[in-house]
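# Residue-level structural notes
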Amino acid sequence: MNGIFPFLFSLFVLLNCPANSLAIRSIWRPSTMHTPRIEAHWQDKKNKTFVLHNPCLRATIFNIFDPEYLDSNLLNHHTTITPRNSRQSSMSTKDLDDLINNLVDEIRAGKKRYTNFRILKGRDYNRRLKSGSLILASNDYDIVVKLFLETPHGLMHPFSKGFEPACMFLMNGGISRHLAGFTRIKNRHLISNLLEDCPEWNKRIIIPRKWYWLPKKSRSITITGHNMGSKEPLSMTIPSTYAIVCDAINVDRSLSHFNKKDRDIGLELFNMLENKLDPKIMNFMYEKETGNIALVDTEDFPVLIGLRHKKCPKRYTGWYLSIGNKYLKDCLFTDKKKRLKLQQIALLH
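These notes cover the structure that comes with them. Think of each chain on its own: its residues are numbered from 1, step by step along the sequence as written. Thresholds applied to this predicted model are a pLDDT of at least 70 for local features of residues and 80 or more for the giving and counting of side-chain atom pairs; totals over whole chains, interfaces and linings are not thresholded and use all residues. The basis for every side-chain value is the complete set of non-hydrogen atoms in the structure, without hydrogens or water.

### Brief notes about the pairing of strand 7 (residues 131–138)
For each residue, the accessible area found with a 1.4 Å probe, counting protein chains only, is set against the maximum for its type, and the residue is called buried under 20%, exposed over 50%, and partly exposed in between. Here a strand is any run of E in DSSP of at least two residues, a helix any run of H or I of at least four, and the numbering for each starts at the N terminus. In terms of burial, strand 7 is a largely internal element, eight of the eight residues being buried. Burial along strand 7 is two-sided: S131, S133, I135 and A137 and G132, L134, L136 and S138, pointing in opposite directions, are all buried. Any two strands between which DSSP finds at least two bridges are classified as paired. Bridge count between strand 5 (residues 117–121) and strand 7: four bridges; the pairing is antiparallel. Note on strand 7: the bridge partner recorded for F117 is S138. In this sheet, strand 7 lies alongside strand 6 (residues 125–126) in antiparallel orientation, the contact comprising two bridges. Bridge assignment links Y125 to a residue of strand 7, and that residue is G132. Following strand 6, the chain reverses through four residues before pairing antiparallel with strand 7; K130 in that reversal takes a positive phi of roughly 55°. As paired elements, strand 7 and strand 8 (residues 143–149) share six bridges and run antiparallel to each other. The partner of A137 across the bridge, within strand 8, is V144.

### Concerning helix 4 (residues 93–108)
In this analysis, the expected span of each helix is defined as 1.5 Å times one less than the number of residues it contains. Counted at 1.5 Å a residue, the expected span for helix 4 with its 16 residues is 22 Å, and the 22 Å between its end C-alpha atoms agrees. Three or more residues of helix 4 are buried, namely T93, L96, D97, L99, I100, N101, L103, V104, E106 and I107. The N-terminus of helix 4 is capped by S92, whose side-chain oxygen sits 3.3 Å from the backbone nitrogen of K94. At the exit of helix 4 stands G110, carrying a positive phi of roughly 90°. Contacts described as polar in this section are N or O atom pairs within 3.5 Å, which, within protein, must combine one atom able to donate a hydrogen with one able to accept it, while residues neighboring in sequence count only if both atoms come from side chains.

### Things to note about the layout of surface pockets
Taken as a whole, the largest pocket encloses approximately 820 Å³ of empty space. Of the two site types, the cavity is a set of points on a 1 Å grid over the protein atoms alone where a 1.4 Å probe fits but cannot get out, and the pocket is an open set with protein on both sides within 12 Å along at least five of seven lines, each lined by residues with an atom within 4 Å of a point. Looking at the largest pocket, it is lined by 37 residues, and the ones nearest its centre are L120, I135, V144, M285 and V296. The set of elements that each furnish at least two residues to the lining of the largest pocket consists of strand 5, strand 7, strand 8 and strand 13 (241–247). Among the residues forming the lining of the largest pocket, the class breakdown is 16 nonpolar, five polar and 16 charged. Grid points are joined across faces, edges and corners, and a volume is the space filled by probe spheres set on the points. Three categories are distinguished: nonpolar for Ala, Val, Leu, Ile, Met, Phe, Trp, Tyr, Cys and Pro, charged for Asp, Glu, Lys and Arg, and polar for the others, with Gly belonging to the last.

### Details of helix 9 (residues 260–272)
A rise of 1.5 Å per residue sets the reference length of helix 9, with its 13 residues, at 18 Å; its end C-alpha atoms lie 18 Å apart and thus fit the reference within 8%. Every buried residue belonging to helix 9 is among D262, R263, I265, G266, L267, L269 and F270, and all of these are buried.

### Some details on the nonpolar core
Formed by 67 residues in total, the largest nonpolar core has its most connected members in I38, I61, F182, I223, I238 and L295. When residues in this core are grouped by element, the largest group, seven residues, is from helix 11 (residues 316–332). Here, residues are in contact when the closest pair of their heavy atoms is within 4.5 Å. Not counting residues up to four positions away in its chain, the partners in contact with L295 are I191, I205, I206, I207, P208, L269, L273, L277, N283 and F284. The next biggest cluster of nonpolar side chains, apart from the first, holds 23 residues, and it includes M91, L103, V145 and W213. Nonpolar core, defined: a set of buried Ala, Val, Leu, Ile, Met, Phe, Trp, Tyr and Cys residues in which side-chain atoms within 4.5 Å join the residues together.

### Describing empty space enclosed by the protein
A full pass over the atoms with the stated rule returns four cavities of 30 Å³ or more. E150, K161, S176, R177 and H178 are the residues nearest the centre of the largest cavity, which is lined by 13 residues in total. Those elements that place two or more of their residues in the lining of the largest cavity are strand 7, helix 5 (152–155), helix 6 (163–172) and helix 7 (177–180). Tallied by class, residues from the lining of the largest cavity come to four nonpolar, five polar and four charged. As a volume, the second largest cavity reaches approximately 70 Å³. Lining the second largest cavity are I38, I61, L155, M156, F169, G174, S176, L179 and I223. The class makeup of the residues in the lining of the second largest cavity is seven nonpolar, two polar and no charged.

Okay, here's the thing in structure tokens:
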């Protein structure tokens, strides 16, 4: 029980500090040419550029996307995928590719229900802007698809996709969920390597296999950064639409804040895996067939919340309070001098 009350308290604090209001400068405060800004446009359409000025922006935005790593982990490098269990035969990646392309077409057409997939999580997707992320499960295969869709206009409106992504944007220096998604497979490999050196856990943990997916009809977005460090300008080009395709897990139950053993497991794994995994307790799930613990969310946690120093929490109480405290410091109590210094500091890796 004692794990849930600090969570509710921290949530109350955060809800009373709206991300939008913290991100907007007073109309009476003069603008400065030195405020960090990013600009975005379609790679094939450079005549229309969208701009975002925000003092929280940092150069770490441009350290996330690794095009060579994405290419080497694409789904289409495989002809078939063997399922984790014996309930299904091998899956053709061409058939799966066709299903996901059809899904993207249905989403772009404004449909809310899809022929071959069902939505597991949709609150981080803005249907009006057609940008954000959706988590969907296949109706035909034991596959889950984390789909990311963006536009230059959507990228420059980071507070339009829900409260949680807005908070993360302010805490991590402007890294959107679209960008953070590129860390999921590389971080999965890092976590797997850490588990290999831990005999106590490596037989008890399941990490779903993951592959990148790109659509047949894909446009790219070019992002340029200014006033974010000594090297000017910073620039990168990223896919506007991509997906993480991963094994579905037959879940028995998630770990619970109301179970002390579960809370201890969540924090022990977080500390043992060097803070690389989000310790949110619902991210840890027991698989029905094996009773092993599945780690389904492998987004790089230091990137997600802008973590610069390793943490070693002993209780969820202190952990949630420390995250609430970091949010308030990043948004309200960081002066201009400190923000300039943060431009030169890398995130925890």
